[in-house]
Amino acid sequence: MSKHFLSELTGSFATPALENPTGVMMEAAYRDLGLDWRYINCEIQPDDLENAVLGAKAMNWRGFNCSIPHKVSVISHLDDLGESARIIGAVNTVVNRDGKLIGENTDGRGFVESVKSSLELTKKRVVLFGAGGAGGAARAVAVELALAGVAHITIVNRNQERGEELSKLVADNTSAGAEYHAWTKQYQIPAETDLVINVTSIGLFPNVDAELDIDTESIKSSMVVADGIFNPPETRLIQTAKTKGCTTVNGLGMLVQQGAIAFEYWTGKTPSIEVMKAALSDALDITEK
Ligand code: NDP
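Residues numbered from 1 in each chain as written. Predicted model: local features only at pLDDT ≥ 70, side-chain atom pairs only at ≥ 80, totals over all residues. Heavy atoms only, no water.

A.B. asks: Please set out the packing of aromatic side chains residue by residue, giving values where relevant.
C.D. replies: For the structure shown, the criterion picks out seven aromatic pairs. With 5.6 Å between their ring centres and 45° between their planes, Tyr-30 and Trp-37 make a pair best called tilted. As far as the burial class goes, Tyr-30 and Trp-37 line up, both buried. Ring centres of Phe-129 and Trp-183 lie 5.0 Å apart, and the angle between their planes is 40°; this geometry places the pair in the tilted category. Of this pair, Phe-129 sits in strand β7 (residues 125-129) while Trp-183 sits in the loop between β9 (177-182) and β10 (195-198), and the two are 54 residues apart along the sequence. As far as the burial class goes, Phe-129 and Trp-183 line up, both buried. Each residue in the set Phe-13, Trp-61 and Phe-64 is aromatic and connected to the rest through ring pairs, giving one cluster. (Phe/Tyr/Trp six-rings, centres within 6.5 Å; stacked < 30°, edge-to-face > 60°. Buried < 20%, exposed > 50% of the residue type's maximum accessible area, 1.4 Å probe, protein only. Helix = DSSP H or I, 4+ residues; strand = E, 2+ residues; numbered from the N terminus.)

A.B. asks: So, the site of the ligand: which residues are in play, and what are the values?
C.D. replies: Taken together, 27 residues surround the ligand, and among them Gly-133, Gly-135, Arg-158, Asn-159 and Arg-162 come closest. Contact between the ligand and Asn-157: an oxygen atom at 2.9 Å from a side-chain N or O atom of the residue. In this structure, Arg-158 approaches the ligand through a side-chain N or O atom, which is 2.8 Å from an oxygen atom. Protein chains bury 81% of the 920 Å² of accessible surface belonging to the ligand in isolation. (Near = heavy atom within 4 Å. Polar contact = N/O pair within 3.5 Å; in protein donor to acceptor, adjacent residues only side chain to side chain. Areas by Shrake-Rupley, 256 points an atom, 1.4 Å probe, with all protein chains shown as cover.)

A.B. asks: Now, about the pairing of β9: what can you tell me, with residues and values included?
C.D. replies: Relative to β9, strand β8 (residues 152-157) is paired through six bridges, and the arrangement is parallel. Bridge pairing links Val-156 to His-181 in β9. (Pairing = 2+ DSSP bridges.)

A.B. asks: Explain the sheet that holds strand β5 (residues 93-97) to me, and be specific about the residues and the numbers.
C.D. replies: If you trace the six strands from one edge of the open sheet to the other, you get β2-β1-β3-β5-β6-β4, paired in mixed fashion. Edge positions in the sheet fall to β2 (37-43) and β4 (80-81), since each of these pairs with one other strand and no more. Two strands pair when backbone bridges link them, and β4 and strand β6 (residues 100-104) are joined in this way by two bridges, in the parallel orientation. Residue pairing for β6: Asp-80 is matched across the bridge by Ile-102. Sitting on the sheet, helix α8 (residues 251-267) is in contact with β1 (8-14), β2, β3 (63-66), β5 and β6, with an inclination near 10° to β5. (Contact = heavy atoms within 4.5 Å. Axes fitted to C-alpha atoms, helices over the stretch in contact; angles between N-to-C directions.)

A.B. asks: Please set out the sheet that holds β7 residue by residue, giving values where relevant.
C.D. replies: The six strands lie next to each other as β9-β8-β7-β10-β11-β12, forming an open sheet whose pairing is parallel. Of all the strands in the sheet, the pair left with one neighbour each is β9 and β12 (247-249). Within the sheet, the average angular offset between the axes of one strand and its neighbour, ignoring direction, is 20°. Contacts from helix α5 (residues 137-147) reach β7, β8 and β10, with the element oriented near 175° to β7. Contacting β8 and β9, helix α6 (residues 160-173) crosses the sheet at an angle of about 170° to β9.

A.B. asks: Describe the pattern of salt bridges, listing the residues and the values that go with them.
C.D. replies: Going through the model one piece at a time under the given rule, you end up with 13 salt bridges. With a shortest N-O distance of 3.0 Å, Asp-79 and Lys-57 are connected by a salt bridge. Of this pair, Asp-79 sits in the loop between β3 and β4 while Lys-57 sits in helix α2 (residues 49-58), placing them 22 residues apart in sequence. It is possible to trace a salt-bridge network through shared partners that takes in Asp-209, Glu-211 and Arg-236. (Salt bridge = Lys/Arg side-chain N within 4 Å of Asp/Glu carboxyl O.)

A.B. asks: Run through unusual backbone geometry, naming residues and quoting values.
C.D. replies: Most peptide bonds adopt trans geometry, and most residues besides glycine take a negative phi value. In the segment running from Ile-68 into Pro-69, the intervening peptide bond is cis, with an omega of 5°. Residue placement: Pro-69 occurs in the loop between β3 and β4. The step from Phe-205 to Pro-206 runs through a cis peptide bond, and the omega angle for that step is 5°. With respect to the helices, strands and loops of the structure, Pro-206 is situated in the loop between β10 and β11 (224-227). For Lys-123, which is not glycine, the phi dihedral falls at a positive 65°. The residue Lys-123 is located in the loop between α4 (107-116) and β7 in this model. In this structure Lys-123 comes out as exposed when scored by relative accessible area, which is 67%.

A.B. asks: Any details on the domain arrangement of the chain? Residues and values, ideally.
C.D. replies: Domain annotation of the chain identifies domain 1 (8-105 + 253-284) and domain 2 (109-249). Between the C-alpha centres of domain 1 and domain 2 there is a distance of 25 Å. Across the contact, 16 residues belong to domain 1 and 17 residues belong to domain 2. A buried area of about 1,600 Å², summed over both sides, lies between domain 1 and domain 2, and 70% of it is on carbon and sulfur atoms. It is Ile-87, Ile-88 and Met-254 in domain 1 that bury the most area against domain 2; as a group they hold 41% of the surface buried on that side. Applying the counting rule to domain 1 against domain 2 returns zero salt bridges. At the surface where domain 1 touches domain 2, the tally comes to three residue pairs in polar contact (both at pLDDT 80 or more). It is α8 that contributes the most residues to the side of domain 1 that touches domain 2, seven residues altogether. When grouped by side-chain class, the residues that make up the side of domain 1 that touches domain 2 number 10 nonpolar, five polar and one charged. (Domains from an automatic or database assignment. Buried area = accessible area lost by both parts, 1.4 Å probe. Nonpolar A, V, L, I, M, F, W, Y, C, P; charged D, E, K, R; others polar.)

See below:
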């Protein structure tokens, strides 16, 4: 039998790329399924993005992730967009479909998957902190929660323009209600809220002691509290919510699930979530509490 030495290629384009652990969990999942696939983590400056995309196309990469700061700017270098990426206006996963590069967004669906086992989302009321800048994570999470059937999303954001734009985007494109709430003073979470989510960068390493300006008395045990931040997984918000008796969902689940959806887009196969989680926890030295 002849031997083959040509791996299928995937990877990531971002800057900074140094601390991006995605490759570790992807390659663990490839190995687990016996796939001769590689994931190459690349440091790409904004001015080099177009050439990087053309290079990936020339080398017949099967797909790649885009992270900060390329999630929006990559769109002009792609052949087409999937439906949710079009609504969100940001791409975190590019898929090579018969030589055409198609932009998808798996961040929001990853979040929805990660929270589903803690809360049935249909008709629920959501408070979402953040409206997304260059990364667009809050836009992705809001749109996918709305498509998953939540009743209403209150978007709490410091920048008014971004907050209003996101609430309009949700209201215009989905059947969920949405409103913007200006974050000019300490926020009181309405008691009827089912799900609270932080999709700002407040609390992200290295500023791990930064806290959202929320009246912690308004966090009730009936609420599910989630954080998009995975480094550290136990953010101040998650810690506070635990002391209030809430069910909590940290950002590791979103990270693994968005990767698993990208994996499926590229390979057509379902990866083991457990294998991906274990590889990630190992790489980040995390023991989940
Ligand atoms: P962006 O930088 O694009 O968005 C930042 C958001 O944070 C904006 O809404 C911004 O508000 C808000 N913000 C930042 N600092 C403050 C502050 N001091 N006070 C109030 N609001 C603030 O980031 P992304 O959309 O890429 O990511 C957001 C978060 O989601 C990050 O923490 C990231 O780690 C996480 N994430 C997690 C993923 C996962 O798989 N777990 C995937 C992708 C992202 P304003 O508009 O007012 O400037």
